[in-house]
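# Structural overview
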Amino acid sequence: MPVESWRLQALELDFKLRGADMTTYKPRVISLTKNPGQTFGFYLRVERNEEGHLIRCLEMGGPAELAGMKDGDRILRVNGTFVDGLPHSEVVELVRNGGASVAFHILDESSYKQAKALGVNLSDPQSTPVTNGVAKEASKPKLCYLVKSSSGYGFSLHSFKGEQGLFMAEVVAGGVADNAGVRNEDRLLEVNGENIANSTHDEVVETIKLGGGSVMFLLVDKETDRFYRNKKAKIGSWSATVKFLPLQPRIINMTKGSDGYGFLLREERDQTGHFIRDIDKGSPAEKAGLKDMDRIVTVNGKEVDRCSHEQVVDRIRQGGNKCCFLVVDKATDQMYKQGKISPMLFWDEMKDSNSPPSYNEALNLPAPAQPSTNAKDRKEELRPKLCRMEKTPAGYGFHLNGIEGMNGQYITEVVKGGAADKAGLENDDIMIEVNGKNVEQSTHAEAVEIIRRSGNSLELLVASKNVYSQLKANGVTITPLLLGETPRGKARSAGPPEPNRKEIQEMTEEEARPETPPHREKQRTPSVSSSSSSSSEGSFDERL
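Residues numbered from 1 in each chain as written. Predicted model: local features only at pLDDT ≥ 70, side-chain atom pairs only at ≥ 80, totals over all residues. Heavy atoms only, no water.

Short version of the rule: UniProt positions are given in the numbering used here, feature names are shortened, and annotations may be inferred rather than shown by experiment.
As recorded in an unreviewed UniProt entry, the protein chain goes by the name PDZ domain-containing protein, listed as coming from Ameca splendens. The heading Sequence similarities (unreviewed entry) in the UniProt record of the protein chain holds the text "Belongs to the NHER family."

Listed below in structure tokens is the structure:
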């Protein structure tokens, strides 16, 4: 099904689920506080052909960005006063008169436009704001990707009397299905993108077998199934969550260096799409985490699958000195294609949710009014771990596992009191580096060989699954630099182990200015930073 059809169906479904009642459009309440001489870190704009008072030009690390404001958000209230219909100058005055602390009611761009299209009364006092964006997620079906192990997938398919469809049963705890997010009594809707509503039990089993060593399921639990039935709404992959998938697209943010971004954009023979090639060592592209043969899905939030090479280059150029890509590597691309789903599902889910903060955001999250320990916990949650250990007569005291048929290794069976345990390793930690060498794309055998060659001492850079997925989703390259350290074999910098805000900003600025490499004949892809907020005729903005 074309992506446009998915989007249309998803939009129609969204309208059905939301209805025209303002109580389903829940604004976020964001309270900002600024220091003397400081701004809130955003521009308030009105723009031609756009309704409402828009948040634009968010300052990286400013109060607004750290509190969760997003580009394109609309301000509905300022300190309780409804402002959606007020002139721009009056809204600016309200913010300025608020002093050092102002409370904003914010609605995201998509919800605002939908509400306007439906004629929803956004000033309805019965609406229930969502403080700091925390609200119960709408029920969603889920996509689960299973890679068969030597013991199989670890589930059975059953039908139940009086129930339509096939259901998951006998899900083995800790097995492939369980780890992929499958639960007992989940109803099966699709296998590898094919609807199985009218298929028999034997036909579905045969379809699963034809998938070889892996399979993509679309599933729905009892509560979600009931929710959609009550709404008489169709369920499809276009409305599913991708949070259970083991591989995800990556968001890459770059600032152009003196020689551009440092990569070539190419179309490959016998392949559809726009691919990253020839990444310069030390370039902004390499530092941002771009990999050779990554396929670009979006440029500055705009899908480019159907664009020509020239159109993609032009979109990058239009951005100026910054650029944001959504990319997929080969394994992720193949997984999404197996399920006949678009990586845009990930982009839309990240955009519509309260996405996890980037590394720099997490380090600078403002402490809540209560204890400062919460802020400390949040910092630690988004940091990898550098674990150093010496081999004992019993070894290091852990096992290294991998997912069959895929790159990537994770820690299991950490022996309590062993060398690994004392060094801080935990079960399910994902291995990133061994003795300073990145092993994210290494096979299990390659990673084991590196460990064996290490002798009697070992240095592992690891991260919990949660930390790993959040940092990767935000395009953060995971290295010991995030801990203020350098890998083994390199000189360690003096100073505190955890960089403060100023040091991080300086580090980021330095990374954005790579040394100028020798002159090349090749034409590099220019810069980019989608500046829908740049000055344009018929627009008015005010820095706040």
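## So, the overall build of the protein chain
For clarity, the threshold we go by: Strands are runs of DSSP state E lasting at least two residues, helices are runs of H or I lasting at least four, and both sets are numbered from the N terminus onward. Residue burial is assigned from relative accessible area. The probe radius is 1.4 Å, only protein chains are included, and a residue is buried under 20% of its type maximum, exposed over 50%, and partly exposed in between. When checking whether two residues touch, look at their non-hydrogen atoms; a contact exists if any pair is within 4.5 Å. Values of accessible area rely on a 1.4 Å probe in the Shrake-Rupley scheme; residue burial ignores everything except the protein chains shown.
In terms of helices and strands, the protein chain carries 17 helices and 26 strands. Among the 544 residues that make up the protein chain, the fraction classed as buried is 46%. Nonlocal contacts in the protein chain, meaning residues at least 24 apart in sequence, comprise 68% of its contacts between residues at least 6 apart. In the form shown here, the protein chain has an accessible surface area of approximately 27900 Å², with 48% of it arising from carbon and sulfur atoms.

## Here's the deal with the nonpolar core
Basically, it comes down to this: Buried Ala, Val, Leu, Ile, Met, Phe, Trp, Tyr and Cys residues form a nonpolar core when they are joined through side-chain atoms within 4.5 Å.
Counting residues in each nonpolar core, the largest one holds 28 residues, and the members touching the most others are Leu143, Leu245 and Phe346. Within the residue set of this core, elements represented by two or more residues are β8 (142-147), β13 (214-220), β19 (322-328), α10 (330-338) and α11 (344-352). Leu143 has contacts with Met216, Phe217, Leu218, Ala240, Thr241, Val242, Phe244, Leu245, Ile341 and Leu345, leaving out every residue within four places of it along the chain. One finds Ile411, Ala419, Leu425 and Val462 within the second-largest nonpolar core, a separate group that totals 21 residues.

## Side note on the pairing of strand β4 (residues 74-78)
Our working definition: At least two bridges found by DSSP between two strands is the condition for calling them paired.
Of all 5 residues in β4, 5 are buried; the element is thus mostly enclosed. One ladder, built from 4 bridges, connects β4 with strand β6 (residues 101-107); its direction is antiparallel. The partner of Val78 across the bridge, within β6, is Phe104. In this structure, β4 lies alongside strand β5 (residues 81-82), joined through 2 bridges in antiparallel fashion. Among the inter-strand pairings, Arg77 is bridged to a residue of β5, identified as Phe82.

## Examining the packing of aromatic side chains
Going by this rule: Aromatic rings from Phe, Tyr and Trp, taking only the six-membered ring of Trp, are treated as a pair when their centres fall within 6.5 Å; an angle between ring planes under 30 degrees marks them as stacked, one over 60 as edge-to-face, and anything in between as tilted.
Evaluated as defined, the whole model comprises 9 aromatic pairs. Consider the rings of Phe263 and Phe325, whose centres lie 5.9 Å apart with planes at 80°: the pair is edge-to-face. Of the two residues, Phe263 is situated in the loop between β14 (250-255) and β15 (264-266) and Phe325 in strand β19; the sequence distance between them amounts to 62 residues. Phe263 gets classed as buried once you look at its relative accessible area, which sits at 0%.

## Details of the environment of Phe82
Among the secondary structure elements, Phe82 is positioned in strand β5. For the pair formed by Phe82 and Ser123, sequence separation is 41 residues and the distance between their alpha carbons is 6.4 Å. Leaving out residues up to four positions away in the same chain, Phe82 has contacts with Leu76, Arg77, Leu122 and Ser123.

## Points about unusual backbone geometry
Even without being glycine, Asp270 reaches a positive phi, approximately 65°. By secondary structure assignment, the location of Asp270 is in the loop between β15 and β16 (275-277). With a phi close to 55°, Lys340 is a non-glycine residue in the positive phi region. Structurally, Lys340 can be placed in the loop between α10 and α11.

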